[in-house]
Amino acid sequence: MKKFIQSLFVRERFTRVTLPLLLVIILVIIGLFSFQKPNKTLSTDQAKTQTENFINTYLMQSGNKATVKEVTTEYGLYKLKIDIVSDLVESYLSKDGKLFFPQALNIEQISSAQNKDKAPNAAAPTAVVTKKSDKPTVELFVMSYCPYGTQVEKGMLPVLEALGNKISFELKFCSYAMHGQKELAENLNQYCIQKEQPEKLNSYLQCFLEASDSTGCLTKAGVKTSQLNACVTKTNKQFKVYDNFNNKVDYQGSYPGFAVQKTDNEKYSIGGSPTLIINGEEISSNRDSASLLKTICSAFNTPPKECETVLSSASPAPGFGSGTATDNSAAAGCVQ
């Protein structure tokens, strides 16, 4: 029991452990004493002496001593400033000396802190590209099933539609896959669509990022499957994607390799999905369309009128499907 009471004075445990228990104890005590006749009021000196004796006898560990530094009146109680091992603690004592309250709860401060914690995080400043060009080169490295890769892809699609051929954009893939064989297959699909039927890529991604249905989205986007399959077969043979997967060759840690764009991964030291490279510079942009547009447009020597397009500032939700995220940061990713 003594150790339990002593724990009330450990501040870092107060909110998590003590607060709920203390509230219950206070309510029970108030209920027991609320109908009793008032007792004799202690003087401030008596309150000081009684409190010190109580704490030092029942609450303090051997060798330590508490001292009441100040006694004032507040809310009909004695307010005590108690020095407990060089730590000043405010406590309360009923004026009859019957009830001791180790710590008071400031409702305004607690409410304010809670509301502050629940407030949405302010968006980080828009990233600016330092290397300018007349036609910026934008390379986005992802894993096709990484929820944060799909998040930035959803933000990027409206930007690509707005800027069109004003930029040179290429979707690229990390040199390892964290989401199994299905990711290797999807990486190959998207790589080959972009290579052989680039005009179909955005339509395919628009569908795939929503539904995660590769077969259905190939049909919906009008991708020529015979041409796609020929490219996938050739690329798989050239880079031994499935052979390496089955034979556990070229793994990165516990994850299978995807060597199709390994040279570019090494060039930029790509660590995970997503990684955005603009004019050869790695950029940490917010993932909403408005921020991505502004960041990419900062890479122009002279931004075109398309940079004035108004796009959504809501960050897409990670993963597949629609919806928005509450956090617009660029920190989360798929990294081993």
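Right above here is the structure, for reference.
Before going into details, it helps to say that this report is about the structure given with it. (Residues numbered from 1 in each chain as written. Predicted model: local features only at pLDDT ≥ 70, side-chain atom pairs only at ≥ 80, totals over all residues. Heavy atoms only, no water.)

### A few points about the packing of aromatic side chains
Centre distance and the angle of the planes are the two values used to describe a pair of aromatic rings.
Alright, step 1. Applying the stated rule across the entire model yields nine aromatic pairs.
Alright, step 2. A centroid spacing of 5.2 Å and a plane angle of 85 degrees characterise the contact between Phe208 and Phe320, whose relative ring orientation is edge-to-face. Of this pair, Phe208 sits in helix H7 (residues 198–211) while Phe320 sits in the segment after helix H12 (289–297), placing them 112 residues apart in sequence.
Alright, step 3. One aromatic cluster in this structure is built from Tyr145, Tyr204, Phe208 and Phe320. (Phe/Tyr/Trp six-rings, centres within 6.5 Å; stacked < 30°, edge-to-face > 60°. Helix = DSSP H or I, 4+ residues; strand = E, 2+ residues; numbered from the N terminus.)

### Some thoughts on the pattern of salt bridges
Alright, step 1. As enumerated under the stated definition, the model contains seven salt bridges in all.
Alright, step 2. A salt bridge links Lys79 to Glu74, with the shortest nitrogen-to-oxygen separation between them at 3.6 Å.
Alright, step 3. Two residues, Lys262 and Asp250, come together in a salt bridge whose shortest N-O distance is 3.2 Å. Placement of Lys262 in helix H11 (residues 262–268) and of Asp250 in the loop between helix H10 (241–247) and H11 is noted, with a sequence separation of twelve residues between them.
Alright, step 4. For Lys262, a relative accessible area of 28% gives the class partly exposed.
Alright, step 5. A relative accessible area of 27% means that Asp250 is categorised as partly exposed.
Alright, step 6. Taken together, the salt bridges that share partners define one network made up of Glu139, Glu170, Lys172 and Asp264. (Salt bridge = Lys/Arg side-chain N within 4 Å of Asp/Glu carboxyl O. Buried < 20%, exposed > 50% of the residue type's maximum accessible area, 1.4 Å probe, protein only.)

### Considering the environment of Leu77
Alright, step 1. Note on placement: Leu77 falls in strand E2 (residues 77–84).
Alright, step 2. Here Leu77 falls in the partly exposed class, since its relative accessible area comes to 22%.
Alright, step 3. The spacing of Leu77 and Phe101 is 24 residues in sequence and 9.9 Å in space, taken between C-alpha atoms.
Alright, step 4. Contacts of Leu77, omitting those with residues within four sequence positions, involve Thr72, Tyr92, Leu93, Ser94, Lys95 and Phe101. (Contact = heavy atoms within 4.5 Å.)

### Describing the state of the cysteines
Alright, step 1. The tally for this structure, following the rule as stated, stands at four disulfides.
Alright, step 2. Here Cys146 engages in a disulfide with Cys334; their sulfurs sit 2.1 Å apart. Between Cys146 and Cys334 the sulfur-sulfur dihedral comes to about 95 degrees; the bridge is accordingly right-handed. Here Cys146 is found in the loop between strand E5 (137–142) and helix H5 (147–163), whereas its partner Cys334 is found in the segment after H12, with 188 residues between them in sequence. Like Cys334, Cys146 is buried.
Alright, step 3. Across a sulfur-sulfur distance of 2.0 Å, Cys297 and Cys307 are joined as a disulfide pair. Measuring handedness by torsion sign, the sulfur bridge of Cys297 and Cys307 sits at about -95 degrees and is left-handed. Separated by ten residues along the polypeptide, Cys297 in helix H12 and Cys307 in the segment after H12 bring together distant segments of the chain.
Alright, step 4. Using a relative accessible area of 18% as the deciding quantity, one classes Cys307 as buried. (Disulfide = S-S within 2.5 Å.)

### A few points about the sheet that holds strand E7 (residues 275–278)
Alright, step 1. Strand order in the open sheet made by the four strands is E6-E5-E7-E8, with mixed pairing throughout. Each edge of the open sheet carries a strand with a single partner, namely strand E6 (168–173) and strand E8 (281–283). Sheet twist, expressed as the mean angle between neighbouring strand axes with direction ignored, is 25 degrees.
Alright, step 2. Direction of pairing for E7 relative to E8: antiparallel, over a ladder of three bridges. Note on E8: the bridge partner recorded for Ile278 is Glu281.
Alright, step 3. In this fold H5 packs onto E5, E6 and E7, with an angle of close to 155 degrees to the strand it touches most, E5. (Pairing = 2+ DSSP bridges. Axes fitted to C-alpha atoms, helices over the stretch in contact; angles between N-to-C directions.)

### Comments concerning the pairing of strand E1 (residues 66–74)
Alright, step 1. As paired strands, E1 and E2 are joined by eight bridges and run antiparallel to one another. If you follow Glu74 over to E2, its bridge partner there is Leu77.
Alright, step 2. Count of turn residues in the E1/E2 antiparallel hairpin: two residues, of which Tyr75 carries a positive phi of about 55 degrees.

### Here we look at the packing of H5 against H7
Between two packed helices, both the angle of their axes relative to each other and the distance between the axes serve to describe the pair.
Alright, step 1. Two elements in contact, H5 and H7, have axes whose closest approach is 10 Å; the angle formed by their N-to-C orientations is 140 degrees. Here H5 lies oblique to H7, going by the angle between them. Two packed elements cross with a definite hand, and for H5 against H7 that hand is left-handed. From H5, Thr150, Glu153, Lys154, Leu157 and Leu160 reach across to H7, where they touch Asn202, Leu205, Gln206 and Leu209.
Alright, step 2. Residues of the contact of H5 with H7, tallied by class, amount to four nonpolar, three polar and two charged. (Parallel < 35°, antiparallel > 145°, perpendicular 65-115°, else oblique. Left-handed = near helix turned anticlockwise from the far one by under 90°. Nonpolar A, V, L, I, M, F, W, Y, C, P; charged D, E, K, R; others polar.)

What is shown is where atoms sit, not what they do.
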